[in-house]
Structures are given as structure tokens and as C-alpha cells.
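As a plain string of letters, each chain reads:
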Amino acid sequence: MGKFKTNEDYFAYSKTLTAIPFEDLATLLVNHKVKIPYYIHRFVLKETIYSKVFQNKLYLTYTDELKYRLRGYHEYSLYLLEKLIVDFNLDFDAAKYKEILFDLLFLNRDIYGLKDNFLSDLEKLKYKYNVDFEKISYDAFIKSFTGVFYEAKGYLDGVNLGIIKDVMIHSSTLGDLRGLGEKYGVKIPRRINKTQLVDILAARFRLTEDEVVLLNTKSVLELEIYAKEKGFTISIDLKKSDMIEYMVFSLGLYHLEQQKDTHNYQIPLAAEIDSVTFEAIQFETNDQDIPIENLEPIKTEVVHEEPAPLPILEEEPIVVPTKSVEVEKPVEPSKEEPVAEIEPEIEPIMEPVIETPVTPKPKAEPKPVRNVAEELDFTDEEKALLDEKINQIIKKYNKKRHRKIFWTVFALTILGIVVLTAGYIALYYLYINPGNMPFGLPVLW
């Protein structure tokens, strides 16, 4: 591809190719055997819709919960990106998508084996469609590119399996996870049984048949303790992390040899003047994530910057406009499972007001509440066993209580019968048949 000397020449050429329809472009890529992994499509799509998702006016309409989840936007899965397009009726900028895609293809031309004949075919298409830009919906685009995209090993929905649990916990709702499962043909239940739990543990830890037989003799509580001893937390009542684990298990994605991402992502991305800035979450692998062979961290986050006249652009600090809204970073929930998704709040910009300083009266500091549970510092296993013992004590107490109630009712019943019988005898002897006893009883006095 000797027509261009620098990467900047290729980037300039990409701008001239945006009028080529997706259908013809897909045919060209298939003919030249160019297959694009979904993680590249995910990257291009998130950069294409970035300015729309974080457009200042629209962003102010988001709930605090959504603003919190958007902190993980740079690793959003395809399902979450597509859901944003649908939920907020975002227009699909076909020209912008093509330009970013061509920039990546040209910058990584050695990976895709692009030769001079590829450029020649592009030139023919370029001059065939050199007037109007294509207007197409995202769904129509995906249908035309079905034969171009593929899911690389070690990825799910375009996200590295090594960080997918962390990504989805912070970036999705329970409904999102069930929707993602449906996309891949997995119906995620609210709860799994003991057999399913054993199957997941056996697959994750590559257990032998003898180890599986031993696990089948344990209770659910013992299985959960067994998993925790191995540094892995799971429950039969599926929380977010458990739902992702169940999905990955159902799709058979444990212990895959991950396809290494060697792409260069340093393409020119202009700063979006009317977009808000936010504090992005940095996702890293940990013991709770999906086990993968030859796992290497993949960094795909790109800072939006003004293009510079260099062959390969260097990253520059993001320029924050005066009208942009700063999002204050909230306290992040626990890595294992966030109890509640606390959202960042938009801090309003207020003009300083000059007031006469008033010395506030000192407030009495409240006495700290003693937390007995923290002082005792029980482990989860001890808490679980303690709960089980308490349940047994309650059952014994209820059993004794029911027995006591039974004998009390029985005694009162007998006493009532005796009283009624004595009353009837007295009534019969004194009024009904004076001097005689009922039922043929002899008179003893």
C-alpha cells in the first residue's frame, strides 16, 4: 500500500470513503477475507455514539442510577451500547462510524493483511458513491455486516472475559443481564439448585470425578463455604456476579485461550465540545472474574482529543469547556457485589454570595453507636453456622410451645366436661326428678 506514506495520510483518506454504502463495504471486506472481531465493532460503536450519549442537554435528563452506570461506558458491552441507542432513540451516524472503522483498519493494516488491491477496490467504490452520505438505521447496518463480524475467543459481547464480571456489575441492571442472556440464548433464573451449583464449581475449578462425587455429599451451605475457601464467592440465590457466572457456564466459556488483542487504537478523535466529562471506572482482573488461559490485560480506552498533525497521535489531557458539567466521583460499591448502586450527583455551579460571617454554635457530637457485630468480627462461615444453630433452637422452642398448648387445651376440655356433667346431675336431682339420680346412678346419701 505504497500510495500513502504516513498514518496521517491514511486518516485523511478515510474521510473520503464515508459515502460508500455499508452493503457494498461489507461485500468488499468479505471478498478480501477481512473479518472484524466484535471487540473492534464495540470500540467503534462506543466512539460513534459518544457525543450523543454524553451530550450535555440529554445527560441532564438521566437518572442518578444511569449516570453512575455510565462511569463504565468505555467498557460497555455491545448489548448495553445498543440498548442506549434504543432507549434514547439515538441517530446512528453512519459516516462517523465508517471513518473510525477505516482509521482502525488502516492503522492495523498488517493485522488484516490489507494490500494495494484492497485500496484499488476502495477507489472504485469511492468514485461510484461520491455525492450523498448514507442514512441508515443501526439495525439495518448490523444486518448488512453479519458476515463481517465474529466473536473472538476469550470475549463475550465484545468484552474481555477477564473483566466482564466487574464491568457488568457496575454498568448493568438485573434486567440488562437477563436481556444479555436472552441475546445469547441463555435464560437466567432467579435461583439455581444444588446440582447446578456443583456443575458450575466443577467447571470453574476443573474438578475430577472423585471431587465432584465428594461435593455432591455436601450441603448448599458447605458448597458455598468450599467455594469461598478457594477465593470465589457464589450463591444459589443469583446476584449480579452469579448471573454472569451462570451465563458464562451455560455458554461453555471457561478456560478459553484468549485471542490476544494487538490492535493499535491511537486514531484521531476530536474533542466533543458539548459533551460532559466523567470519572471513568478502571476495570481490572481479579479472583472473581472468569478464568481464562494466557490472560493479558487489554487497554482500549481512548482519550477524546483534538487531532494533531502527527503520524500517530499522542494522548493529550481532555479540555473541559466552561459549560460542561463535572460529575463528582461517588464512593464505589464493593467489588464482590454492590449492595446499592449509589449514583454521582451533579453539583450545581453557584455564584459566590457575600454574607456576614456568623459563628455557629458548637453542636454536641452524637455518641457513637456500638456495633456489637463488628466487635465480635464473625466470619461469613461462622455467621452462617450461627444462623443454623439459632434456627434449630427456635424449632425446639416452637415444638415445646406447641406441646404445652396441646396439654393445656386438653386439660381445659376435661375440666369443662366434668363441670357440665356435675351441673346436669344437680339439676336432675333437684328439679327434673327430685330425689333421683340420672343415668341410673344410685343415691349414696
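In this report, we go over the structure that sits alongside the text.

What counts as what
- Residues numbered from 1 in each chain as written.
- Predicted model: local features only at pLDDT ≥ 70, side-chain atom pairs only at ≥ 80, totals over all residues.
- Heavy atoms only, no water.
- Helix = DSSP H or I, 4+ residues; strand = E, 2+ residues; numbered from the N terminus.
- Buried < 20%, exposed > 50% of the residue type's maximum accessible area, 1.4 Å probe, protein only.
- Contact = heavy atoms within 4.5 Å.
- Areas by Shrake-Rupley, 256 points an atom, 1.4 Å probe, with all protein chains shown as cover.
- Salt bridge = Lys/Arg side-chain N within 4 Å of Asp/Glu carboxyl O.
- Core = buried A, V, L, I, M, F, W, Y, C linked by side-chain atoms within 4.5 Å.
- Axes fitted to C-alpha atoms, helices over the stretch in contact; angles between N-to-C directions.
- Parallel < 35°, antiparallel > 145°, perpendicular 65-115°, else oblique.
- Left-handed = near helix turned anticlockwise from the far one by under 90°.
- Nonpolar A, V, L, I, M, F, W, Y, C, P; charged D, E, K, R; others polar.
- Polar contact = N/O pair within 3.5 Å; in protein donor to acceptor, adjacent residues only side chain to side chain.
- Patch = residues over 30% accessible without salt bridge, like charges linked within 9 Å, V, L, I, M, F, W, Y side chains within 5 Å.
- Lys, Arg positive; Asp, Glu negative; His and termini not counted.
- Charge placed at Lys NZ, Arg CZ, Asp CG, Glu CD.

1. Some remarks on the overall build of the chain
Okay, step 1: A tally of helices and strands in the chain yields 18 helices and 4 strands.
Okay, step 2: When each of the 445 residues of the chain is scored for burial, the buried share is 41%.
Okay, step 3: Partitioning the contacts of the chain with sequence separation of at least 6, the portion at a separation of at least 24 is 81%.
Okay, step 4: Total accessible area on the chain is roughly 26700 Å²; 57% of this is exposed by carbon and sulfur atoms.

2. Some details on the pattern of salt bridges
Okay, step 1: The final tally for this structure, using the stated rule, is 12 salt bridges.
Okay, step 2: Glu-65 serves as the salt-bridge partner of Arg-69, at 3.0 Å between the closest nitrogen and oxygen. One end of the pair is Arg-69 and the other is Glu-65, both in helix 5 (residues 64-69) and 4 residues apart, which spans about a single turn.
Okay, step 3: Among the residues examined, Arg-69 registers a relative accessible area of 12% and is labelled buried.
Okay, step 4: Given a relative accessible area of 37%, Glu-65 falls into the partly exposed group.
Okay, step 5: One salt bridge in this structure joins Glu-245 and Lys-165, with 2.6 Å as the shortest N-O distance.

3. A word on the environment of Ser-51
Okay, step 1: In this fold, Ser-51 is placed in helix 3 (residues 38-53).
Okay, step 2: Given a relative accessible area of 17%, Ser-51 falls into the buried group.
Okay, step 3: Residues Ser-51 and Val-276, spaced 225 residues apart in sequence, show a C-alpha to C-alpha distance of 9.0 Å.

4. Describing the nonpolar core
Okay, step 1: Within the largest apolar cluster, 103 residues are counted, with the highest numbers of intra-cluster contacts made by Ile-36, Leu-70, Tyr-73, Phe-106, Leu-122 and Phe-145.
Okay, step 2: Residue contributions to this core peak at 9 residues, all from helix 7 (residues 94-107).
Okay, step 3: Once residues within four sequence positions are removed from consideration, Phe-145 is found in contact with Phe-22, Leu-25, Ala-26, Leu-29 and Leu-101.

5. A word on the packing of helix 1 (residues 7-14) against helix 7
A pair of packed helices can be characterised by two numbers: the angle between their axes and the separation between those axes.
Okay, step 1: Two numbers describe how helix 1 lies on helix 7: the axes approach to 9 Å, and their chain directions differ by 150 degrees. If you check the angle between helix 1 and helix 7, you find them roughly antiparallel. As for the relative orientation of helix 1 and helix 7, their crossing is right-handed in sense. Contacts between helix 1 and helix 7 involve Asn-7, Tyr-10, Phe-11, Tyr-13 and Ser-14 from the former and Glu-99, Phe-102, Asp-103, Phe-106 and Leu-107 from the latter.
Okay, step 2: By residue class, the composition of the contact of helix 1 with helix 7 is 6 nonpolar, 2 polar and 2 charged.

6. As for the side chain of Glu-82
Okay, step 1: Of note, Glu-82 is situated in helix 6 (residues 78-87).
Okay, step 2: Polar contacts involving the side chain of Glu-82 include one to the side chain of Tyr-138, which spans 2.7 Å.
Okay, step 3: Ignoring sequence-local partners within four residues, the contact set of Glu-82 consists of Leu-45, Tyr-138 and Lys-183.

7. Details of a nonpolar patch on the surface
Okay, step 1: Together, Tyr-424, Leu-427, Leu-430, Tyr-431, Ile-432, Phe-439 and Leu-441 line one region of the surface with nonpolar side chains, adding up to about 780 Å² of accessible area.
Okay, step 2: Within the secondary structure, Tyr-431 is located in helix 18 (residues 380-432).
Okay, step 3: By relative accessible area, which is 64% here, Tyr-431 ends up exposed.

8. Points about a positive patch on the surface
Okay, step 1: On the surface, a cluster of positive charge is contributed by Lys-396, Lys-399, Lys-400 and Arg-403.
Okay, step 2: For Arg-403, a relative accessible area of 48% puts it in the partly exposed group.

9. Quick look at unusual backbone geometry
Okay, step 1: Even without glycine at this site, Asn-89 takes up a positive phi of about 50 degrees.
Okay, step 2: Non-glycine residue Arg-206 carries a positive phi angle of around 50 degrees.
Okay, step 3: Mapping Arg-206 onto the fold places it in the loop between helix 13 (194-205) and helix 14 (209-216).
Okay, step 4: On the accessibility criterion, Arg-206 (52% relative accessible area) is exposed.

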